[in-house]
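Listed below, chain by chain, are the residues.
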Amino acid sequence: MAETVDDITISFEEDGLLVREELDKVILSRGAWTTILFKYREMDRARTDYGPVAFSVRRYKKTGGEYKQQSKFNISNAEQARKISEALLGWAADLPVAEPKPAAAKKPAAKKAK
């Protein structure tokens, strides 16, 4: 498991063969809950060649110092990806761009009574 967001990957090897090849990723949010959009392709074992490019949105939760996958949504082809992006662009077109939230100040830890 990954200890930092940047170390998270969906590349996967089995018996020395790269079964899932990560082509790119975009970190959509960071923190204890992280969301990442991946571009990847998987090995077609029947043809021993990689299949078409696909996409996956995955959520990770940091637990015990490591990020663990909590959920995923796979976008199986370019047509589906275009439809999703067109819908999102249409919905977001008139929305204001959110300003980044300032980092919250940490409160000093409470002292334990003796």
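Look up a bit, the structure's there.
Procedures and definitions
- Residues numbered from 1 in each chain as written.
- Predicted model: local features only at pLDDT ≥ 70, side-chain atom pairs only at ≥ 80, totals over all residues.
- Heavy atoms only, no water.
- Helix = DSSP H or I, 4+ residues; strand = E, 2+ residues; numbered from the N terminus.
- Buried < 20%, exposed > 50% of the residue type's maximum accessible area, 1.4 Å probe, protein only.
- Polar contact = N/O pair within 3.5 Å; in protein donor to acceptor, adjacent residues only side chain to side chain.
- Contact = heavy atoms within 4.5 Å.
- Core = buried A, V, L, I, M, F, W, Y, C linked by side-chain atoms within 4.5 Å.
- Salt bridge = Lys/Arg side-chain N within 4 Å of Asp/Glu carboxyl O.
- Pairing = 2+ DSSP bridges.

> Hey, could you go over the side chain of T34 for me, with residue numbers and the actual values?
You can see T34 is positioned in strand β3 (residues 33-44). In this structure T34 comes out as buried when scored by relative accessible area, which is 0%. A distance of 3.0 Å separates a polar atom in the side chain of T34 from the backbone oxygen of G31. Ignoring sequence-local partners within four residues, the contact set of T34 consists of V5, I27, S29, R58, R59, Y60 and Y67.

> Explain the nonpolar core to me, and be specific about the residues and the numbers.
Within soluble globular proteins, side chains that are nonpolar tend to cluster in buried spots. Counting 10 residues, the largest nonpolar core consists of A2, V5, I8, I10, I36, F38, Y40, A54, Y60 and Y67. Elements that contribute at least two residues to this core include exactly β3 and β5 (54-63). In terms of residue count, β3 provides more of this core than any other element does, three residues in total. The contacts of I36, once residues within four sequence positions are left out, are V5, I8, K25, V26, I27, L28, S56, V57, R58 and Y60.

> Describe in detail the pattern of salt bridges, supporting the description with residues and values.
Here the structure, examined in full by the defined rule, presents four salt bridges. Residues D6 and R30 are paired through a salt bridge, measuring 3.1 Å at the closest nitrogen-oxygen approach. Note that D6 is positioned in the segment before β1 (12-14) and R30 in the loop between β2 (17-29) and β3, a separation of 24 residues in sequence. Linking K83 and E79 is a salt bridge whose minimum nitrogen-to-oxygen distance equals 3.4 Å. One end of the pair is K83 and the other is E79, both in helix α1 (residues 78-92) and four residues apart, which spans about a single turn. The pair K83 / E79 is uniform in exposure class, with both members exposed.

> Account for the pairing of β3, naming residues and giving values.
Where β2 lies against β3, eight bridges are found, and the strand directions are antiparallel. The partner of E22 across the bridge, within β3, is Y40. Between β2 and β3, which pair antiparallel one after the other, the connecting turn spans three residues, and G31 there sits at a positive phi close to 130 degrees. For β3 and β5, the ladder comprises eight bridges, and the chain directions are antiparallel.

> Explain the side chain of R20 residue by residue, including any values.
Its place among the elements puts R20 in strand β2. Of the polar contacts made by the side chain of R20, one reaches the backbone oxygen of I10; its length is 3.0 Å. A polar atom in the side chain of R20 sits 3.5 Å from the side chain of E42.

> Go over unusual backbone geometry, please, and point to the residues and values.
Backbone geometry places D15, a non-glycine residue, at a positive phi of 50 degrees. Within the secondary structure layout, D15 lies in the loop between β1 and β2. A relative accessible area of 79% means that D15 is categorised as exposed.

The values reported here are purely geometric and, on their own, carry no functional implication.
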